[in-house]
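Here is what each chain is made of, one letter per residue.
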Amino acid sequence: MFIRHCEAYLDQNRLKKAVAKTAVTYLLSKIEASSIVGIGTGSTANFFIDELAEHKDSFYGAIASSNASEAKLAAAGIQVFDLNSISDIDLYVDGADEINPQLQLIKGGGAALTREKIVATVAKEFVCIADSSKWVHKLGRFPLPIEVIPMARSYVARELLKLGGDPVWRQGIITDNGNYIIDIHGLWPIEADGTLEKAINQITGVVTNGLFTHRTADLVFLGTEKGVTTHRYDGNTDL
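1. Topic: the sheet that holds strand E6 (residues 126-131)
Whenever strands of a sheet pair, they do so through backbone hydrogen bonds, lying parallel or antiparallel. Across the sheet, six strands lie side by side as E2-E1-E3-E6-E12-E13; this open sheet has mixed pairing. The open sheet is flanked by strand E2 (61-64) and strand E13 (227-231), the only strands paired with a single partner. Ignoring strand direction, the axes of neighbouring strands in this sheet form an average angle of 20°. Two elements, strand E1 (residues 36-39) and strand E3 (residues 91-94), share three bridges in a ladder whose sense is parallel. For Gly 38, the partnering residue across the bridge sits in E3 and is Tyr 92. Together, E1, E2, E3 and E6 form the strand contacts of helix H4 (residues 113-122), whose direction differs from that of E3 by roughly 145°.

2. Quick word on the sheet that holds strand E8 (residues 166-169)
Pairing is antiparallel across the open sheet formed by four strands, whose spatial order is E8-E9-E7-E10. Strands at the two margins of the open sheet, each flanked by one partner only, are E8 and strand E10 (206-209). Taken pair by pair, the neighbouring strands of this sheet meet at an average axis angle of 30°, ignoring direction. Note that strand E7 (residues 144-148) and E10 share three bridges and pair antiparallel. From the neighbouring strand, Glu 147 faces E10, where its bridge partner is Thr 208. Sheet strands in contact with H4 are E7, strand E9 (180-185) and E10, and its direction is about 65° off that of E10.

Parameters at a glance
Residues numbered from 1 in each chain as written. Predicted model: local features only at pLDDT ≥ 70, side-chain atom pairs only at ≥ 80, totals over all residues. Heavy atoms only, no water. Pairing = 2+ DSSP bridges. Helix = DSSP H or I, 4+ residues; strand = E, 2+ residues; numbered from the N terminus. Axes fitted to C-alpha atoms, helices over the stretch in contact; angles between N-to-C directions. Contact = heavy atoms within 4.5 Å.

As structure tokens, this is what we get:
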């Protein structure tokens, strides 16, 4: 059993590395020496940073969606800026926990969902990179992360119960913003109309949630056993 798990892990990493390389090639075709790029958080984003480090002289600098990514970028010799000092992000690259055919996402497994959503919103183009296990027909099998002000944790959990979910406090995790994470289980299937994202964000004490149904990905590179596939949403769900 342990050997099978190791083989699956190594195979998944191989797919992540493949999409990271594809994303770097795409990024280099789109940016200029003066460009600022957004960098996400998580294992797939880390592979992307590793690949991007070889081309650090091809762009001006980066905006990081987490302290961990900022440290990794700085260690690679890539200049990192505060978003408040930058007006434009040409392209943002990040992973996802789930992706549906409309290129809507669930993010936040790494507890960086708020900064990820901010950077994605500012960016002119959002490129999502993932292995094929993240592709789903409907969102919601992956527990939906919610970033919550600490003093409102219990109240928010009670309100989330009213929405039909099973909220679980991710104990021991503090976000880069000093907040808590509540993961909502049992929401599958989440419809693609965006109403749930709005409803959760209306709960007092919620900072934001990990649904990206309004700011979707513009482009997805998906690592599969047959190679990296490219997905854009044009209104047809049969991608």
